[in-house]
Amino acid sequence: MRIISTDWGIGYTFTEHNQDTIEMNKGLKKYPRLYHSILQHEISHIKNPSFFDTLKIDFMDMFDFEKQSQLNKLPIKMRLQSICPIWFYKGQICTNMFYIVLYSLILIIIVL
């Protein structure tokens, strides 16, 4: 597993060349407690890579109110980038299935 500093989003986990990679926004280093919490969250995605485990991890994280209040201290650009369901990165289409499912459910509720 490798950890890369980036200037986009908050934290993201992916596999590249059979190696698990975590990208962490370099701005998080100003908030060591939050950095550690987000890093643990991303590591849990690596340890539990199945679709439903990923949804469960992200869903439970929504109710970690202490962490959510810490996230509100981050710049708005960083927070908005982290809730994108689909984006382009390194010439690839990347997805965050949690937000795709969440936004789909919200849309279904609105339509019904």
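About the cut-offs
Residues numbered from 1 in each chain as written. Predicted model: local features only at pLDDT ≥ 70, side-chain atom pairs only at ≥ 80, totals over all residues. Heavy atoms only, no water. 1 Å grid on protein atoms, 1.4 Å probe; cavity = no way out; pocket = protein on both sides within 12 Å on 5 of 7 lines; lining within 4 Å. Points joined across faces, edges and corners; volume = space filled by probe spheres on them. Nonpolar A, V, L, I, M, F, W, Y, C, P; charged D, E, K, R; others polar. Helix = DSSP H or I, 4+ residues; strand = E, 2+ residues; numbered from the N terminus. Buried < 20%, exposed > 50% of the residue type's maximum accessible area, 1.4 Å probe, protein only.

Remarks on the layout of surface pockets
The probe, sized like a water molecule, is rolled over the atoms to show the empty space still left. The calculated volume of the largest pocket comes to roughly 930 Å³. What lines the largest pocket is a set of 36 residues, among which Gly 11, His 41, Glu 42, Asp 58 and Asn 96 lie closest to the centre. Residue composition of the lining of the largest pocket, by class: 16 nonpolar, 14 polar and six charged.

A few points about the environment of Leu 112
Examined against the element boundaries, Leu 112 turns out to sit in the segment after helix 5 (97-111). Exposure remark for Leu 112: the relative accessible area of 83% places this residue in the exposed category. Between the alpha carbons of Leu 112 and Phe 63 there is a distance of 26 Å; along the sequence they are 49 residues apart.

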